[in-house]
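Commentary on secondary and tertiary structure
Spelled out from the first residue to the last, the chains are:
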Amino acid sequence: MEAREGLLYEHEECIRRINRIAYFSMEICVDSQIPTYSGGLGILAGDTIRSSADLGVPLMAITLLYKKGYLRQKFNEQGYQQELPEEWNPEEVLTQLPTRIQVEIEGRKVTVQCWLYMVKGIEGQTVPVYFLDTDLPDNSDFDRSLSYYLYGGDERYRLAQEIILGIGGVRMLRKLGYKDILRYHLNEGHASLLTLELLSEYNNAGKNNWDVEQVKNRCVFTTHTPVSAGMDQFPYPLVEQVLGNIIPFDLLKGLAGEEKLNMTQLALNLSHYINGVAKKHGLVSCEMFPGYHIDSITNGVHSVTWVGKYFAELYDRYIPGWKLDPFSLRYALNIPEEEIWNAHQMAKEKLIGYIKKSSDLKFEKDVLTIGFARRATAYKRADLIFYDLNHLIDIASRKGKLQLVFAGKAHPKDQPGKELVEKVIHISRQLLLADNIKIVYLENYNMELAKILTTGVDLWLNTPRKPQEASGTSGMKAAHNGIPSFSILDGWWVEGCIEGITGWSIGSAANLESIEAEEADSLYKKLEAEIMPAYYNQKERWLNIMRHCVAVNASFFNTQRMVLQYVSNAYL
Ligand SMILES: *Cc1c(COP(=O)(O)O)cnc(C)c1O
């Protein structure tokens with residue numbers, strides 16, 4: 001009881017602060033016990049919130065509660081993905097608040113409650129996170145089900161969820177007592193409907209005087225995908241049925257597109273500051289959306305969250321204060337090589353133990369181990385390294401053994417993504433008795449597994465099809481643990497790659513779009529001629545690379561730097 005009162009007191013303090021930033025995101029991962037995320041977007045939101053708390057930025061965050069999470073991944077005998085609900089109990093990790101609001105969906109009044117989670121920063125400052133929830137007896141079964149699945153259901157389900165997030169979110173903040181909100185940050189287009197709620201608030205005088213400029217002045221929009229298929233678009237008849245007439249339709253069409261309600265376009269038209277999530281992605285976005293000024297703020301990861309236990313002990317000893325000041329990770333160049341190696345090998349042992357437990361495969365501690373884990377979807381090309389399987393086997397027989405660890409969930413409706421997972425699992429079974437290569441695909445990629453992988457492998461592989469990787473963040477987690485990346489020059493790696501110093505590039509920077517055969521060839525050549533010799537025969541060189549990953553990349557690709565840029569470029 002006391003803990004709850006303390007929490008609620010701190011919460012009241014947050015509401016009283018001034019110049020607040022309201023951060024809206026369809027998915028947020030604040031805690032590995034709360035499975036309300038599917039991948040990079042939610043992890044980034046969580047890391048943003050954690051760094052905001054560390055820095056004392058007066059931010060609060062709004063998302064939806066998903067009682068059955070995204071999905072729990074299991075493989076059947078054929079290696080085909082099965083999806084189970086991710087069961088969890090909000091009462092164990094969140095605090096239910098008595099505040100309720102209503103939104104209209106298909107003409108029905110839907111009651112929304114919210115749950116609170118307080119993220120605590122290093123020096124005790126807090127960021128409240130609100131999870132909106134419609135699973136209440138007052139609501140119809142359909143309306144209750146809107147709080148079950150992240151990215152589940154059809155267009156109607158998704159639009160209804162986005163009404164709860166955008167419109168319900170603003171109403172909930174008002175009801176909680178937030179009055180003075182300086183900026184609304186739309187983390188991806190899912191939250192765009194909040195702009196309509198703001199428009200109608202400012203029109204409260206009822207004079208049909210829609211103050212677009214005033215809303216624009218309040219909103220900041222971050223776009224996360226360079227692929228138009230990844231953007232939400234709703235046909236207007238559905239919008240009319242589900243959302244109704246929150247603002248006049250001709251005004252809506254002018255702001256959100258004539259053909260369909262395009263959530264990205266709505267956000268672009270109602271935000272005064274727009275950014276992509278890496279320099280390259282900013283430029284790609286400018287081409288996609290001519291006529292808008294689009295800046296870029298390169299993503300990062302929350303250093304304290306993603307540095308493994310053994311490296312954290314090293315940093316504590318050699319770089320005291322790194323947690324509050326991750327820029328100081330640049331001094332990692334002074335950490336003795338032996339100690340880097342020992343810390344890394346301990347993390348690797350933990351990974352090997354995990355693999356043994358979950359697959360019964362025995363990975364070896366002194367074999368070059370490559371990690372690949374991300375959402376399993378076609379453009380991420382988990383199978384590029386198997387482009388010419390015999391070539392890969394041949395390299396391993398001549399240059400030293402290889403171990404490959406894969407993980408990643410496919411969206412239930414992403415057939416090609418699911419087939420990709422199956423393909424990798426088939427190859428791993430085919431090579432079960434091979435002498436020089438071991439491959440494992442671990443089930444149910446999530447935050448915890450991501451940490452085991454990005455601290456325990458020797459090399460982090462990323463092979464997206466250009467130019468589809470907006471940023472990518474898992475390689476940044478690896479860099480925080482001294483692990484070099486081996487990646488296509490897309491997203492963050494355009495900025496992070498110093499060839500042979502922080503890792504290696506795959507393919508040519510000159511090609512704007514991927515040419516698969518060339519990239520596979522480049523991958524094999526570099527693996528054979530550079531990476532394996534460095535790992536197996538030039539230990540000192542390898543350790544120097546590990547130190548540079550931390551000094552050059554972890555010191556920059558962290559959310560502390562990123563949040564400071566949002567504060568100075570976007571919020572203020
Ligand atoms: C970091 C992370 C991601 C994002 O990885 P990318 O490199 O951006 O693809 C996805 N899922 C989980 C569980 C993560 O921890």
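Residues numbered from 1 in each chain as written. Predicted model: local features only at pLDDT ≥ 70, side-chain atom pairs only at ≥ 80, totals over all residues. Heavy atoms only, no water.

Let's talk about the nonpolar core
One broad rule of soluble globular proteins: the nonpolar side chains tend to lie buried together. Residues Phe24 and Tyr130 are the most contacted members of the largest nonpolar core, which totals 74 residues. With residues up to four places along the chain from it excluded, the contact list for Phe24 reads Ile62, Leu165, Gly166, Gly169, Val170, Leu173, Tyr184, His185, Leu186, Asn187, Ala191 and Leu194. Counting residues in hydrophobic clusters, the runner-up holds 62 residues, among them Val307, Ile319, Ala332 and Leu420. (Core = buried A, V, L, I, M, F, W, Y, C linked by side-chain atoms within 4.5 Å. Buried < 20%, exposed > 50% of the residue type's maximum accessible area, 1.4 Å probe, protein only. Contact = heavy atoms within 4.5 Å.)

Digging into the site of the ligand
In the neighbourhood of the ligand, 14 residues make up the surrounding shell, with Lys380, Ala450, Thr473, Ser474 and Lys477 lying closest. Side-chain polar atom of Lys477 to an oxygen atom of the ligand: 2.6 Å apart, as the coordinates give it. With the chains in place, 95% of the 390 Å² that the ligand exposes on its own is no longer accessible. Those elements giving two or more residues to the shell around the ligand turn out to be helix 2 (40-55), helix 17 (447-456) and helix 18 (474-480). (Near = heavy atom within 4 Å. Polar contact = N/O pair within 3.5 Å; in protein donor to acceptor, adjacent residues only side chain to side chain. Areas by Shrake-Rupley, 256 points an atom, 1.4 Å probe, with all protein chains shown as cover. Helix = DSSP H or I, 4+ residues; strand = E, 2+ residues; numbered from the N terminus.)

Section: the pattern of salt bridges
With the rule as written, the count across this model stands at 34 salt bridges. One salt bridge connects Glu86 with Arg72, and the closest N-O pair in it is separated by 3.1 Å. You can see Glu86 sitting in the loop between strand 4 (81-84) and helix 3 (90-93) and its partner Arg72 sitting in strand 3 (residues 72-75), a full 14 residues away along the chain. Two residues, Lys380 and Glu469, come together in a salt bridge whose shortest N-O distance is 2.9 Å. Taken together, the residues span a long stretch of sequence, with Lys380 in the loop between strand 14 (368-373) and helix 15 (389-399) and Glu469 in the loop between strand 17 (459-462) and helix 18 at a distance of 89 residues. Look at Glu469 and you get buried, because its relative accessible area is 4%. One continuous salt-bridge network, built from bridges that share partners, spans Lys67, Asp133, Asp135 and Arg144. (Salt bridge = Lys/Arg side-chain N within 4 Å of Asp/Glu carboxyl O.)

Description of the packing of aromatic side chains
Across all of its chains, the model carries 19 aromatic pairs by this definition. When the centroid spacing of 5.5 Å and the interplanar angle of 85° are considered together, the rings of Phe75 and Tyr441 count as edge-to-face. Residue Phe75 is found in strand 3, and its partner Tyr441 is found in strand 16 (residues 437-442); the two are separated by 366 residues along the sequence. The buried category is assigned to Phe75, whose relative accessible area is 18%. Between Tyr535 and Trp542, the aromatic rings sit 5.1 Å apart at their centres with planes inclined by 85°, giving edge-to-face as the arrangement. Residue classification places Tyr535 among the buried positions, given a relative accessible area of 8%. Relative accessible area serves as the criterion here: at 2%, Trp542 is assigned to the buried category. An aromatic cluster of three or more residues is present, and its members are Phe75, Phe372, Phe386, Phe406 and Tyr441. Here the basic side chain of Arg156 rests over the ring of Phe142, its NZ or CZ set 3.8 Å away from the ring centre. (Phe/Tyr/Trp six-rings, centres within 6.5 Å; stacked < 30°, edge-to-face > 60°. Lys NZ or Arg CZ within 6 Å of the ring centre and 35° of its normal.)

Remarks on unusual backbone geometry
For the bond from Lys466 to Pro467, the omega torsion is -5°, close enough to zero to count as cis. Assignment of secondary structure puts Pro467 in the loop between strand 17 and helix 18. Even without being glycine, Tyr151 reaches a positive phi, approximately 55°. Note that Tyr151 resides in the loop between helix 4 (141-145) and helix 5 (155-176). By relative accessible area, Tyr151 is classed as buried at 14%. Of note in this structure, Asp360 is not a glycine but carries a positive phi near 70°. Looking at where Asp360 falls in the secondary structure, it is placed in the loop between helix 14 (337-359) and strand 14. According to the relative accessible area criterion, Asp360 is exposed, its value standing at 57%.

Looking at the domain arrangement of the protein chain
Segmenting the protein chain into domains produces domain 1 (2-299 + 564-571) and domain 2 (305-556). Distance from the C-alpha centre of domain 1 to the C-alpha centre of domain 2: 32 Å. Listed per partner, the contact involves 40 residues of domain 1 and 42 residues of domain 2. Between domain 1 and domain 2, the buried area comes to about 3300 Å², and carbon and sulfur atoms account for 54% of it. Remark: the boundary between domain 1 and domain 2 carries 18 residue pairs in polar contact (both at pLDDT 80 or more). (Domains from an automatic or database assignment. Buried area = accessible area lost by both parts, 1.4 Å probe.)

Structural notes on the pairing of strand 1 (residues 20-25)
The buried fraction of strand 1 is high, at 6 of 6 residues. The two faces of strand 1 match: Arg20, Ala22 and Phe24 on one face and Ile21, Tyr23 and Ser25 on the other face are all buried. Sheet topology note: the strand 1/strand 8 (residues 181-187) ladder contains 6 bridges and is parallel. By the bridge assignment for strand 8, Ile21 is matched with Arg183. When strand 1 meets strand 2 (residues 59-64), the two strands line up parallel, connected through 4 bridges. Looking at strand 2, one finds that Tyr23 is bridged to Ala61. Tracing the backbone out of strand 1, into helix 2 and back to the parallel element strand 2 gives a crossover that is right-handed. (Pairing = 2+ DSSP bridges. Right-handed = clockwise from strand over helix to strand, strands pointing away.)

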